[in-house]
Amino acid sequence: MNIGNAAKVSGVSAKMIRHYESVGLLPPAIRSDAGYRLYGEKDVRTLLFIRRSRDLGFSIEEIRSLVSLWQDRARSSREVKVLARQHLDYLDRKLDELQSMKNALSHLISCCLGDERPDCPILESLARIEK
């Protein structure tokens, strides 16, 4: 199938398919006599795997490791679990950071009267010089 069909079936844009090829996540496509990229079922399955990994927030390098593990039938599931656990730990840290930002912003919003006066604790906090 051509890149447009592969994109439609996998849910990955043609631009991202070309990108994944350029960074080595997807092997270079076979080319038609006219130079068009051609993809098979295995390529589409790899694209689906990459898309689902991206949906879970894995980085390109993490996905590279996951694809390698997925394609290595001699691998142990322990390796996969370690990688997934590390990513979950990262997500937990990001969630904590986001919750902290949300709490700080919520507090600033509650301090702002939001009236016609120019005084604004939100702007004052953003402009404050930390010592």
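A short tour of the structure in this document, coming up.

With 20 residues, the main nonpolar core has Ile17, Tyr20, Tyr39 and Leu47 as its most contacted residues. Among all residues touching Tyr20, those that are not within four sequence positions of it are Val12, Leu25, Leu26, Leu47, Ile50, Arg54 and Ile60.

With that settled, the discussion passes to the packing of aromatic side chains. Under the criterion given, the structure shown has one aromatic pair. Summarising the aromatic geometry, the rings of Phe49 and Trp70 are spaced 4.4 Å apart at their centres and angled 10 degrees between planes, so their arrangement reads as stacked. On the criterion of sequence distance, the pair formed by Phe49 in helix α3 (residues 41–55) and Trp70 in helix α4 (residues 60–71) is long-range, its members being 21 residues apart.

On to helix α5 (residues 77–111), then. The end-to-end C-alpha distance of α5 is 51 Å, a good match for the 51 Å that 35 residues give at a rise of 1.5 Å each. On its buried face, α5 is in contact with α4 and α6 (121–127).

The tally for this structure, following the rule as stated, stands at six salt bridges. Arg37 is the salt-bridge partner of Glu21, the closest N and O atoms lying 3.3 Å from each other. Of the two residues, Glu21 is situated in helix α2 (residues 14–22) and Arg37 in strand β2 (residues 37–38); the sequence distance between them amounts to 16 residues. Asp55 is paired through a salt bridge with Arg51; the nearest N and O atoms lie 3.7 Å apart. Taken together, the residues span about one helical turn, with Asp55 and Arg51 both in helix α3 at a distance of four residues. Arg51 gets classed as partly exposed once you look at its relative accessible area, which sits at 26%.

What counts as what
- Residues numbered from 1 in each chain as written.
- Predicted model: local features only at pLDDT ≥ 70, side-chain atom pairs only at ≥ 80, totals over all residues.
- Heavy atoms only, no water.
- Core = buried A, V, L, I, M, F, W, Y, C linked by side-chain atoms within 4.5 Å.
- Buried < 20%, exposed > 50% of the residue type's maximum accessible area, 1.4 Å probe, protein only.
- Contact = heavy atoms within 4.5 Å.
- Phe/Tyr/Trp six-rings, centres within 6.5 Å; stacked < 30°, edge-to-face > 60°.
- Helix = DSSP H or I, 4+ residues; strand = E, 2+ residues; numbered from the N terminus.
- Expected span 1.5 Å × (residues − 1).
- Salt bridge = Lys/Arg side-chain N within 4 Å of Asp/Glu carboxyl O.

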